[in-house]
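Structural overview
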Amino acid sequence: MIRSEILKEIAPILNPHLVVCNIGLPSQELHMIDDNERNFYMLGTMGLSSSIGFGLALAQDKPVISIDGDGSVLTNLGTLPTIANNATGNFTLLIIDNGSYGSTGDQPTYAGMKTNLTNVARACGCENVVEVQDKDLGTVLQAAIDSEEMTIIVCKCDSGNIKLPVITMDPVVIRHRFMEAVKG
(Lines give C-alpha, C1' and ligand atoms only; values in the text may rest on other atoms or scores of the structure.)
Protein backbone atom coordinates (compact mmCIF):
# COMPACT_ATOMS: atom_id res chain seq x y z
CA MET A 1 0.00 0.00 0.00
CA ILE A 2 1.05 3.59 -0.52
CA ARG A 3 0.34 6.41 1.93
CA SER A 4 -2.90 7.58 0.28
CA GLU A 5 -4.31 4.04 0.45
CA ILE A 6 -3.37 3.83 4.12
CA LEU A 7 -5.05 7.17 4.88
CA LYS A 8 -8.20 6.05 3.07
CA GLU A 9 -8.29 2.83 5.10
CA ILE A 10 -7.80 4.52 8.49
CA ALA A 11 -9.96 7.61 7.84
CA PRO A 12 -12.96 6.16 9.75
CA ILE A 13 -10.70 5.56 12.77
CA LEU A 14 -9.23 9.06 12.58
CA ASN A 15 -12.52 10.87 11.96
CA PRO A 16 -13.81 11.43 15.51
CA HIS A 17 -10.39 12.53 16.80
CA LEU A 18 -8.13 15.56 16.53
CA VAL A 19 -5.56 14.93 13.79
CA VAL A 20 -2.45 16.95 12.97
CA CYS A 21 -1.25 15.90 9.52
CA ASN A 22 2.19 16.24 7.96
CA ILE A 23 2.99 18.81 5.26
CA GLY A 24 2.41 18.50 1.56
CA LEU A 25 0.94 15.39 0.04
CA PRO A 26 -0.15 13.68 3.27
CA SER A 27 -2.29 16.69 4.19
CA GLN A 28 -3.61 16.97 0.64
CA GLU A 29 -4.51 13.28 0.65
CA LEU A 30 -6.29 13.43 4.01
CA HIS A 31 -8.10 16.59 2.89
CA MET A 32 -9.32 14.80 -0.25
CA ILE A 33 -10.29 11.60 1.61
CA ASP A 34 -12.02 13.03 4.69
CA ASP A 35 -11.89 16.80 5.12
CA ASN A 36 -13.33 17.84 8.47
CA GLU A 37 -12.81 20.45 11.15
CA ARG A 38 -10.87 18.02 13.40
CA ASN A 39 -8.06 17.75 10.83
CA PHE A 40 -5.25 20.29 11.03
CA TYR A 41 -3.34 20.36 7.75
CA MET A 42 0.30 21.38 7.91
CA LEU A 43 1.01 23.52 4.86
CA GLY A 44 4.67 24.41 5.22
CA THR A 45 6.50 23.24 8.32
CA MET A 46 8.33 20.00 7.69
CA GLY A 47 9.03 17.98 10.79
CA LEU A 48 6.65 19.76 13.15
CA SER A 49 3.44 17.73 12.93
CA SER A 50 4.56 15.50 15.79
CA SER A 51 5.62 18.49 17.91
CA ILE A 52 2.41 20.44 17.35
CA GLY A 53 0.22 17.40 17.93
CA PHE A 54 2.11 16.50 21.09
CA GLY A 55 1.79 20.04 22.45
CA LEU A 56 -1.93 19.94 21.75
CA ALA A 57 -2.26 16.60 23.55
CA LEU A 58 -0.54 18.06 26.61
CA ALA A 59 -2.85 21.09 26.61
CA GLN A 60 -6.18 19.22 26.68
CA ASP A 61 -7.68 15.75 27.24
CA LYS A 62 -9.06 14.69 23.83
CA PRO A 63 -7.18 12.03 21.86
CA VAL A 64 -4.73 13.52 19.35
CA ILE A 65 -3.18 11.64 16.45
CA SER A 66 -0.20 13.17 14.67
CA ILE A 67 0.51 11.77 11.23
CA ASP A 68 4.12 12.26 10.24
CA GLY A 69 6.39 10.83 7.59
CA ASP A 70 9.76 9.22 8.11
CA GLY A 71 11.45 12.12 6.34
CA SER A 72 9.78 14.68 8.57
CA VAL A 73 10.61 12.80 11.76
CA LEU A 74 14.23 12.60 10.63
CA THR A 75 14.30 16.40 10.26
CA ASN A 76 13.07 16.87 13.85
CA LEU A 77 14.50 14.00 15.89
CA GLY A 78 14.40 16.16 19.01
CA THR A 79 10.66 15.61 19.26
CA LEU A 80 11.11 11.91 20.15
CA PRO A 81 12.96 12.43 23.47
CA THR A 82 10.54 15.25 24.28
CA ILE A 83 7.61 12.87 23.77
CA ALA A 84 9.35 10.12 25.76
CA ASN A 85 10.05 12.32 28.75
CA ASN A 86 6.62 13.95 28.87
CA ALA A 87 4.35 11.09 27.81
CA THR A 88 0.61 11.73 27.82
CA GLY A 89 -1.95 8.98 27.31
CA ASN A 90 -4.03 10.89 24.78
CA PHE A 91 -1.26 11.11 22.14
CA THR A 92 -0.57 8.77 19.26
CA LEU A 93 2.21 9.46 16.77
CA LEU A 94 1.71 7.62 13.49
CA ILE A 95 4.89 7.63 11.42
CA ILE A 96 4.16 6.55 7.87
CA ASP A 97 7.53 5.13 6.86
CA ASN A 98 7.73 4.78 3.11
CA GLY A 99 11.49 5.30 3.04
CA SER A 100 11.16 8.47 0.97
CA TYR A 101 10.53 12.19 1.04
CA GLY A 102 7.18 11.77 -0.69
CA SER A 103 6.21 15.42 -1.02
CA THR A 104 9.44 16.45 -2.71
CA GLY A 105 9.79 13.74 -5.33
CA ASP A 106 10.30 10.43 -3.51
CA GLN A 107 14.00 10.90 -2.80
CA PRO A 108 15.15 8.15 -0.39
CA THR A 109 15.37 8.89 3.33
CA TYR A 110 17.81 7.28 5.73
CA ALA A 111 14.83 5.37 7.16
CA GLY A 112 14.77 3.60 3.80
CA MET A 113 18.42 2.72 4.29
CA LYS A 114 20.07 1.92 7.66
CA THR A 115 18.10 4.05 10.13
CA ASN A 116 15.27 2.21 11.88
CA LEU A 117 12.79 4.70 13.39
CA THR A 118 11.32 2.06 15.71
CA ASN A 119 14.75 1.60 17.27
CA VAL A 120 15.37 5.36 17.30
CA ALA A 121 12.10 6.02 19.18
CA ARG A 122 12.92 3.32 21.72
CA ALA A 123 16.47 4.66 22.13
CA CYS A 124 14.95 8.08 22.87
CA GLY A 125 13.01 6.51 25.73
CA CYS A 126 9.60 6.00 24.14
CA GLU A 127 8.14 2.95 25.87
CA ASN A 128 5.18 1.98 23.70
CA VAL A 129 6.52 1.76 20.14
CA VAL A 130 4.91 -0.55 17.62
CA GLU A 131 6.16 -1.32 14.12
CA VAL A 132 3.44 -2.53 11.79
CA GLN A 133 2.98 -3.36 8.15
CA ASP A 134 0.51 -1.19 6.24
CA LYS A 135 -2.18 -3.87 5.96
CA ASP A 136 -2.35 -4.24 9.77
CA LEU A 137 -2.40 -0.55 10.69
CA GLY A 138 -6.13 -0.10 11.31
CA THR A 139 -6.28 -2.63 14.14
CA VAL A 140 -3.07 -1.34 15.73
CA LEU A 141 -4.15 2.31 15.49
CA GLN A 142 -7.53 1.62 17.08
CA ALA A 143 -5.88 -0.37 19.87
CA ALA A 144 -3.44 2.49 20.51
CA ILE A 145 -6.26 5.04 20.80
CA ASP A 146 -8.30 2.74 23.02
CA SER A 147 -5.34 2.00 25.30
CA GLU A 148 -5.09 5.61 26.47
CA GLU A 149 -1.33 5.07 26.52
CA MET A 150 1.04 7.26 24.54
CA THR A 151 1.94 5.21 21.49
CA ILE A 152 4.28 5.63 18.56
CA ILE A 153 3.35 3.55 15.53
CA VAL A 154 5.86 3.11 12.72
CA CYS A 155 3.89 1.92 9.71
CA LYS A 156 6.05 0.44 6.96
CA CYS A 157 4.62 0.91 3.47
CA ASP A 158 5.47 1.40 -0.16
CA SER A 159 6.63 4.70 -1.58
CA GLY A 160 4.40 6.44 -4.10
CA ASN A 161 2.10 9.38 -4.61
CA ILE A 162 -1.20 10.08 -6.29
CA LYS A 163 -1.81 13.25 -8.26
CA LEU A 164 -4.10 15.67 -6.50
CA PRO A 165 -4.57 19.42 -6.15
CA VAL A 166 -3.16 21.55 -3.36
CA ILE A 167 -5.40 22.56 -0.48
CA THR A 168 -6.95 25.88 -1.44
CA MET A 169 -8.52 26.57 1.95
CA ASP A 170 -7.01 29.63 3.60
CA PRO A 171 -4.61 28.61 6.41
CA VAL A 172 -6.42 30.99 8.77
CA VAL A 173 -9.67 29.11 8.10
CA ILE A 174 -7.92 25.77 8.70
CA ARG A 175 -6.60 27.03 12.03
CA HIS A 176 -9.89 28.63 13.10
CA ARG A 177 -12.09 25.62 12.42
CA PHE A 178 -9.56 23.29 14.05
CA MET A 179 -9.37 25.45 17.19
CA GLU A 180 -13.17 25.42 17.36
CA ALA A 181 -13.07 21.59 17.18
CA VAL A 182 -10.49 21.55 19.98
CA LYS A 183 -12.77 23.71 22.15
CA GLY A 184 -15.95 21.76 21.28
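As a reminder, the structure under discussion sits directly above these lines.
Scope of this entry: the structure provided in the associated data block. Note that the structure is predicted; figures quoted are calculated from it, not measured.

Details of the nonpolar core
Judged by nonpolar contacts, the single largest core of 52 residues is most densely connected at Ile67, Leu137 and Ile152. Discounting residues that sit within four places of it in the chain, isoleucine 67 has contacts with Leu7, Leu14, Val19, Val20, Cys21, Asn22, Leu30, Ser49, Leu94 and Ile96.

Remarks on the packing of aromatic side chains
Under the defined criterion, the tally for this structure stands at 2 aromatic pairs. Here the aromatic rings of phenylalanine 40 and phenylalanine 178 are separated by 5.3 Å at their centres, their planes lie at 45°, and the arrangement is tilted. Taken together, the residues span a long stretch of sequence, with phenylalanine 40 in strand S2 (residues 39-41) and phenylalanine 178 in helix H8 (residues 171-183) at a distance of 138 residues. Owing to a relative accessible area of 18%, phenylalanine 40 belongs among the buried residues under this scheme. With a relative accessible area of 5%, phenylalanine 178 lands in the buried category. Taken together, a centroid distance of 5.3 Å and an interplanar angle of 70° make the contact between phenylalanine 54 and phenylalanine 91 edge-to-face. Highlighted residues: phenylalanine 54 in helix H3 (residues 49-59) and phenylalanine 91 in strand S4 (residues 91-97), separated in sequence by 37 residues. For the residue pair phenylalanine 54 and phenylalanine 91, the accessibility class agrees, reading buried in each case.

Considering unusual backbone geometry
The backbone of glutamate 148 sits at a positive phi, close to 55°, despite the residue not being glycine. The topology assignment puts glutamate 148 in the loop between helix H7 (137-147) and strand S8 (151-156).

Concerning the sheet that holds strand S1 (residues 18-21)
Paired through their backbone hydrogen bonds, the strands of a sheet run either parallel or antiparallel. In spatial order, the strands read S2-S1-S3-S4-S8-S7; together these 6 strands make up an open sheet with parallel pairing. The open sheet has two edge strands with one neighbour each: S2 and strand S7 (129-133). Across the sheet, the mean angle from the axis of one strand to that of its neighbour is 20°, orientation sign disregarded.

Some points on the pairing of S1
Of the two faces of S1, the one holding Leu18 and Val20 and the one holding Val19 and Cys21 are both buried throughout. As judged from the 4 bridges shared by S1 and strand S3 (residues 64-69), these two strands associate in the parallel manner. When the bridges of S3 are listed, leucine 18 appears paired with valine 64. Note: S1 against S2, 3 bridges, orientation parallel. In the sheet register, valine 20 faces S2, and the bridge partner there is phenylalanine 40. Running through helix H2 (residues 25-34), the crossover from S1 to the neighbouring parallel element S2 is right-handed.

Definitions and cut-offs
Residues numbered from 1 in each chain as written. Predicted model: local features only at pLDDT ≥ 70, side-chain atom pairs only at ≥ 80, totals over all residues. Heavy atoms only, no water. Core = buried A, V, L, I, M, F, W, Y, C linked by side-chain atoms within 4.5 Å. Buried < 20%, exposed > 50% of the residue type's maximum accessible area, 1.4 Å probe, protein only. Contact = heavy atoms within 4.5 Å. Phe/Tyr/Trp six-rings, centres within 6.5 Å; stacked < 30°, edge-to-face > 60°. Helix = DSSP H or I, 4+ residues; strand = E, 2+ residues; numbered from the N terminus. Pairing = 2+ DSSP bridges. Axes fitted to C-alpha atoms, helices over the stretch in contact; angles between N-to-C directions. Right-handed = clockwise from strand over helix to strand, strands pointing away.

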